[in-house]
Amino acid sequence: LLLVVGYKNILFIKSKLTKELLIGTKSSKKNKAKLNTQMYILAGNQSKLNDILSITINSDLKTIAVLNRNKNAQLEILIFPTYRSGNFSPMKIISLKNIADDAVDILFHASNDEIFILNSLSKEIVLVSSLSDIRHHDKSHHPMILRKMILKENLFISPISVSLKENSLMIGDKSSNM
């Protein structure tokens, strides 16, 4: 029902879900929302999108997280709603010194409150809160690492993707294809 594709600094969102279903508003019987295909495009300076590296969608299909290399060549995670078009600021920005330059993939945790970050060269997975925001006035809401997992050196040559299957975290490797 939801397809998200990123190219350079543009996000394309194709949805068969209506905004009313996504944000939980009620429609009157006359204006009953139909499951028509909607196309949303997100781009522009306000979005802070510069070089999209990875995209993940949370399980309720309401939020997209984007691993983005900003104009200063630093990695950050930008979080957007799935039902808007235009040039608007991210809902949240997760920027950490600890998002290594070798981050290659991100994935929402099943709880939707956390995001896995896969670092390829350092062979580690870092878990951060998706509720944090570097712009928040209260520093307790600033992004921080919740957990760090080091991958066994001899098991992976070049990890490239991370996914969830049931309750297991799956790691894709260039050499083994998971």
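Above this text is the structure in question.
Since the structure is predicted, the reported quantities are computational estimates derived from the model, not experimental observations.

Reading the values: the criteria
- Residues numbered from 1 in each chain as written.
- Predicted model: local features only at pLDDT ≥ 70, side-chain atom pairs only at ≥ 80, totals over all residues.
- Heavy atoms only, no water.
- Pairing = 2+ DSSP bridges.
- Helix = DSSP H or I, 4+ residues; strand = E, 2+ residues; numbered from the N terminus.
- Axes fitted to C-alpha atoms, helices over the stretch in contact; angles between N-to-C directions.
- Phe/Tyr/Trp six-rings, centres within 6.5 Å; stacked < 30°, edge-to-face > 60°.
- Buried < 20%, exposed > 50% of the residue type's maximum accessible area, 1.4 Å probe, protein only.
- Polar contact = N/O pair within 3.5 Å; in protein donor to acceptor, adjacent residues only side chain to side chain.
- 1 Å grid on protein atoms, 1.4 Å probe; cavity = no way out; pocket = protein on both sides within 12 Å on 5 of 7 lines; lining within 4 Å.
- Points joined across faces, edges and corners; volume = space filled by probe spheres on them.
- Nonpolar A, V, L, I, M, F, W, Y, C, P; charged D, E, K, R; others polar.
- Core = buried A, V, L, I, M, F, W, Y, C linked by side-chain atoms within 4.5 Å.
- Contact = heavy atoms within 4.5 Å.

(A) Highlighting the sheet that holds strand S4 (residues 52-57). An order of S4-S5-S6-S7 is seen for the 4 strands of this open sheet, with the pairing classed as antiparallel. The strands lining the two open edges of the sheet, one partner per strand, are S4 and strand S7 (92-94). Strand after strand, the sheet turns through a mean of 20 degrees between neighbouring axes, direction not considered. In terms of strand pairing, strand S5 (residues 63-69) meets strand S6 (residues 75-81) through 7 bridges, oriented antiparallel.

(B) Main features of the packing of aromatic side chains. According to the stated counting rule, one finds 1 aromatic pair in the structure shown. Considering the side-chain rings of phenylalanine 80 and phenylalanine 88, the 6.0 Å spacing of their centres and the 85 degrees angle between planes classify their relative orientation as edge-to-face. Phenylalanine 88 shares its class with phenylalanine 80; the two are buried.

(C) Geometry of the sheet that holds strand S10 (residues 124-129). Read from one edge to the other, the open sheet built from 4 strands follows the order S8-S9-S10-S11, with strand pairing classed as antiparallel. With partners counted over all chains shown, the strands left at the sheet margins are strand S8 (103-108) and strand S11 (145-150), one partner each. Strand-to-strand twist of the sheet, defined as the mean angle between neighbouring strand axes without regard to direction, takes the value 20 degrees. Pairing between strand S9 (residues 114-119) and S10: 6 bridges, direction antiparallel. When the bridges of S10 are listed, isoleucine 117 appears paired with valine 126.

(D) Quick look at the side chain of serine 129. With respect to the element layout, serine 129 can be found in strand S10. Owing to a relative accessible area of 17%, serine 129 belongs among the buried residues under this scheme. Among the polar contacts listed, one links the side chain of serine 129 to the backbone nitrogen of leucine 131, at a separation of 3.1 Å.

(E) Local environment of the layout of surface pockets. For the largest pocket, the calculated volume is near 170 Å³. What lines the largest pocket is simply Asn9, Gly44, Asn45, Lys48, Leu49, Asn50, Asn70, Lys71 and Glu76. Broken down by class, the residue content of the lining of the largest pocket amounts to 1 nonpolar, 5 polar and 3 charged.

(F) Representation of the side chain of threonine 82 within the structure. By the secondary structure assignment, threonine 82 is in the loop between S6 and S7. In this structure the side chain of threonine 82 is engaged in a polar contact, spanning 2.8 Å, whose partner is the backbone oxygen of leucine 61.

(G) Just the nonpolar core, in detail. Membership of the largest hydrophobic core comes to 15 residues, with the highest contact counts inside it found for Ile77, Ile99, Ile115, Ile117 and Val128. Only S5, S6, S8, S9 and S10 provide two or more residues apiece to this core. Residues contacting isoleucine 117, with those up to four places away along its chain left out, are Ile77, Ile99, Ala103, Asp105, Ile106, Glu124, Ile125, Val126 and Val128. Residues Leu2, Leu42, Ile64 and Leu78 belong to the second largest nonpolar core, which totals 14 residues.

(H) Inspection of the environment of histidine 136 at higher detail. Along the chain, the position of histidine 136 falls in the loop between S10 and S11. Once residues within four sequence positions are removed from consideration, histidine 136 is found in contact with His141 and His142. At 2.9 Å, the side chain of histidine 136 and the backbone nitrogen of aspartate 138 are in polar contact.

(I) Quick look at the pairing of strand S2 (residues 10-15). The two faces of S2 differ: Leu11, Ile13 and Ser15 on one face are buried, but Ile10, Phe12 and Lys14 on the other face are not. Here strand S1 (residues 2-7) runs beside S2; their pairing, made up of 6 bridges, is antiparallel. Across the sheet, tyrosine 7 pairs through a bridge with isoleucine 10, a residue of S2. A loop of 2 residues connects S1 with S2, the two strands running antiparallel in sequence, and lysine 8 in this loop sits at a positive phi of about 55 degrees.

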